[in-house]
Amino acid sequence: MVWYTRRVAMFDGSSADSSTYTSSAVFVGDYDNIAISWHTDTNAASRLTLEGSIDDGFTSTIANWSVMTGMVLADQATTVGGIYTVDAGPRWMRAARGSEESLSIVNLQLGA
């Protein structure tokens, strides 16, 4: 059995990425283990929403997105974040964040 992993930066925390509120779609259909790490420097309450789809996506546009989970961090005076696991099943995933999260970092770690 071969074990392979892939790390994808959904939001990289750069100023070039600061006005983007929905990440690009990432194909996760080949992976059994999915984890999200989220880091933010904001002092306000924060929300990150993960969406999934089982649409084809390779030969047609992904039209149907469903909210998989919403992660909320309460108002904090320090840097906050966390690591979360996600059940395998969707073919595609993307993340959405609020405007107050302009420099947050969201990484997707995939393993099969």
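Analysis parameters
- Residues numbered from 1 in each chain as written.
- Predicted model: local features only at pLDDT ≥ 70, side-chain atom pairs only at ≥ 80, totals over all residues.
- Heavy atoms only, no water.
- Helix = DSSP H or I, 4+ residues; strand = E, 2+ residues; numbered from the N terminus.
- Buried < 20%, exposed > 50% of the residue type's maximum accessible area, 1.4 Å probe, protein only.
- Areas by Shrake-Rupley, 256 points an atom, 1.4 Å probe, with all protein chains shown as cover.
- pLDDT = per-residue confidence, 0-100.
- Core = buried A, V, L, I, M, F, W, Y, C linked by side-chain atoms within 4.5 Å.
- Contact = heavy atoms within 4.5 Å.
- Phe/Tyr/Trp six-rings, centres within 6.5 Å; stacked < 30°, edge-to-face > 60°.
- Lys NZ or Arg CZ within 6 Å of the ring centre and 35° of its normal.
- Salt bridge = Lys/Arg side-chain N within 4 Å of Asp/Glu carboxyl O.
- Pairing = 2+ DSSP bridges.

Trainee: How would you explain the overall build of the protein if you had to name every residue and give the values?
Mentor: When helices and strands are tallied, the protein shows zero helices and eight strands. From first element to last, N terminus to C terminus, the protein shows the α and β order β-β-β-β-β-β-β-β. Across the 112 residues in the protein, those meeting the buried criterion constitute 37%. Summing over all exposed atoms, the protein offers an accessible surface of approximately 6200 Å²; the carbon and sulfur share of this is 50%.

Trainee: Which residues make up the confidence of the model for the protein, and what are the values?
Mentor: Looking at the protein, the pLDDT average stands at 81 and 79% of residues meet or exceed 70. Across the protein, strand 2 (residues 26-27) holds the top mean pLDDT of 94, while strand 6 (residues 80-86) sits lowest at 77.

Trainee: How would you summarise the nonpolar core if you had to cite specific residues and measurements?
Mentor: Grouped together as the largest cluster of nonpolar side chains are 19 residues, with contacts concentrated most on Ile36, Met93 and Leu108. Every element with two or more residues in this core is listed here: strand 1 (5-12), strand 3 (33-40), strand 4 (46-53), strand 7 (92-97) and strand 8 (105-111).

Trainee: Please give an account of the environment of Tyr4 that cites residues and values.
Mentor: Its location among the elements puts Tyr4 in the segment before strand 1. In this structure, the C-alpha to C-alpha distance between Tyr4 and Ala112, residues 108 residues apart in sequence, is 5.6 Å. Sequence-distant contacts of Tyr4, that is, excluding residues within four places in its chain, are made with Asp30, Tyr31, Leu110, Gly111 and Ala112.

Trainee: Break down the packing of aromatic side chains for me, citing the residues and quoting the values.
Mentor: Using the criterion set out here, one finds three aromatic pairs in the structure. Measuring from ring centre to ring centre gives 5.1 Å for Phe27 and Phe58, while their planes differ by 55 degrees; the resulting arrangement is tilted. Placement of Phe27 in strand 2 and of Phe58 in the loop between strand 4 and strand 5 (66-73) is noted, with a sequence separation of 31 residues between them. Put simply, the rings of Phe27, Phe58 and Trp92 pair up and form one aromatic cluster. Across from the ring centre of Phe11, 3.8 Å away, lies the NZ or CZ of Arg97, which sits over that ring.

Trainee: Give a description of the pattern of salt bridges that names residues and reports values.
Mentor: If you walk through the whole model with that rule in mind, you get two salt bridges. A salt bridge links Glu51 to Arg94, with the nearest nitrogen and oxygen atoms 2.5 Å apart. Taken together, the positions of Glu51 in strand 4 and Arg94 in strand 7 put the pair 43 residues apart, joining distant regions of the chain.

Trainee: Before we move on, could you go through the environment of Val8 and cite the residues and values that matter?
Mentor: Structurally, Val8 is set in strand 1. The class for Val8 is buried, based on a relative accessible area of 13%. Taking the C-alpha atoms as reference points, Val8 and Val26, separated by 18 residues in sequence, lie 8.1 Å from one another. Not counting residues within four places of it along the chain, the set of residues in contact with Val8 comprises Val26, Val106, Asn107 and Leu108.

Trainee: A description of the pairing of strand 4 should follow, citing residues and the corresponding values.
Mentor: Judged by how many residues are buried, strand 4 sits mostly within the fold: seven of eight residues are covered. With six bridges joining them, strand 4 and strand 7 adopt antiparallel strand pairing. Across the sheet, residue Gly52 finds its bridge partner in strand 7, namely Met93.

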